[in-house]
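Listed below are the residues making up each chain.
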Amino acid sequence: MHPSPAKTDLQGLELAQHHFGPLLRPTRATQKAWTKYSINRLETNKNYHTVDGSEECEYDEYSDEAWLFDSVKACVSQIEKEMDFEDGTLQKCFTILWNETVLDDEEPRSTDHIVRIYSPTAPMYIDVHFQYYCRSRWSEVEWFYSLGYKIQRRPSVTAGNVLAIKKHLKMGSPPDAHTRNGWQPLCWGYYDSDGNYGKRWRRIEYGEVELHEEGVIDIHEALFGELEKPAETDSKAMLAYQRSLVRSIRLLLAAVGISYNVACADDESDCRPHDLMLEGLSDKWVGRGIRNACGLRLAKNAGQEQEGAKERQEEAKGYDDDDDEGDYESDYGF
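Residues numbered from 1 in each chain as written. Predicted model: local features only at pLDDT ≥ 70, side-chain atom pairs only at ≥ 80, totals over all residues. Heavy atoms only, no water.

Draft legend 1. Up close: helix 3 (residues 66–82). A rise of 1.5 Å per residue sets the reference length of helix 3, with its 17 residues, at 24 Å; its end C-alpha atoms lie 25 Å apart and thus fit the reference within 8%. Within the sequence span of helix 3, burial applies to Ala66, Trp67, Leu68, Phe69, Ser71, Val72, Cys75, Val76, Ser77, Ile79 and Glu80. Summarising the contacts, the buried residues of helix 3 are in contact with strand 1 (49–50), strand 2 (94–104), strand 3 (107–118) and helix 6 (235–254). At the exit of helix 3 stands Asp84, carrying a positive phi of roughly 60 degrees. (Helix = DSSP H or I, 4+ residues; strand = E, 2+ residues; numbered from the N terminus. Expected span 1.5 Å × (residues − 1). Buried < 20%, exposed > 50% of the residue type's maximum accessible area, 1.4 Å probe, protein only. Contact = heavy atoms within 4.5 Å.)

Written out as structure tokens, the structure is:
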């Protein structure tokens, strides 16, 4: 049975706490804002499925669609552990609105996902959209993706309508997919196919992380409230601040089943997902781009960026006739 706001006289923050509590350090907002948030979340969850399992899920556990449910749950659970939250604290905030998944040997070949994250601290939510395609052929790989988000700071009482959301997404190339109607790009990538095919196909990679520090702070404030920036001279507090910002971006990736551990210190390493390809070559530019957007510069960043640029240049030149395969090694197994 789904709870209904009509069955209680509660309003505002008390209504939100009654249905979705305990909330995490709720921010100050009007009673009207919290009431609209609560009704929106209740009505949306009637029509779609939350990740925490509180709703009866129609997916067969062996179906392609179950991949998203299981992946989001695993990714968010890992972040809960890092934040010392009880299991399910954040998972209950995720509602899957749209799930088109095609698997190829247990790994996604194509996806079209829209997942809503209801803030556990403020009467807001963030919609995350991820479109992905990767298919290996005899002599080439077709690959592209785009990942974007939209912050809704003033939810209405109307339940989420995924068809209306999809109408606001722009059809086009990966760089343009999340550039209108309030959508913002997080990152995108693809292999160039313009005149690049057949036996002489090359891994000509294009991609970018389009986050900036102001946007990262907006995401964190929507999810976890305001975060005070410490003095630059307090290195320990500054690192904790930057880790919090990075974790907020990882939570958006987790919303669509992407686990990407981003290094925040020189003795740490970026660890990208094994079943989804966000980078087309060995350079882990997504992790570095997230770091940069969070104001975090590691000593190894400059060298890695130079090596990545060199690799892309060499790949674009192609191989000699006696070396059709080249010497490229991929973390993704092809």
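Following the structure, the description resumes.
Draft legend 2. Just the packing of helix 5 (residues 213–224) against helix 6, in detail. Helix 6 packs onto helix 5 with a crossing angle of 80 degrees between their chain directions and a minimal axis gap of 9 Å. Between helix 5 and helix 6, the angle falls in the class roughly perpendicular. Together, Val216, Ile217, Ile219, His220, Leu223 and Phe224 of helix 5 and Tyr241, Ser244, Leu245, Ser248, Ile249, Leu251 and Leu252 of helix 6 make up the contact between the two elements. Tallied by class, residues from the contact of helix 5 with helix 6 come to ten nonpolar, three polar and no charged. (Axes fitted to C-alpha atoms, helices over the stretch in contact; angles between N-to-C directions. Parallel < 35°, antiparallel > 145°, perpendicular 65-115°, else oblique. Nonpolar A, V, L, I, M, F, W, Y, C, P; charged D, E, K, R; others polar.)

Draft legend 3. Summary view of the environment of Pro155. Looking at the secondary structure, you find Pro155 in the loop between strand 5 (141–152) and helix 4 (162–167). Between the C-alpha atoms of Pro155 and Met124, which are 31 residues apart in sequence, the distance is 6.4 Å. If sequence neighbours within four positions are ignored, Pro155 has contacts with Lys36, Tyr37, Asn40, Pro123, Met124 and Tyr125.

Draft legend 4. Highlighting the pairing of strand 4 (residues 125–136). Burial analysis of strand 4 places nine of its twelve residues in the buried class, which makes it a mostly covered element. One ladder, built from nine bridges, connects strand 3 with strand 4; its direction is antiparallel. What sits directly across from Asp112, in strand 4, is Gln131. Turn length for the strand 3-strand 4 hairpin, with the two strands adjacent in sequence and antiparallel, is six residues. (Pairing = 2+ DSSP bridges.)

Draft legend 5. Structural detail: unusual backbone geometry. For the peptide bond that leads from Gly21 to Pro22, omega is 0 degrees, which places it in the cis range. Counting through the fold element by element, Pro22 comes out in the loop between helix 1 (12–20) and helix 2 (31–47). The phi dihedral of Asp84 is positive, around 60 degrees, even though this residue is not glycine. Structurally, Asp84 is set in the loop between helix 3 and strand 2.

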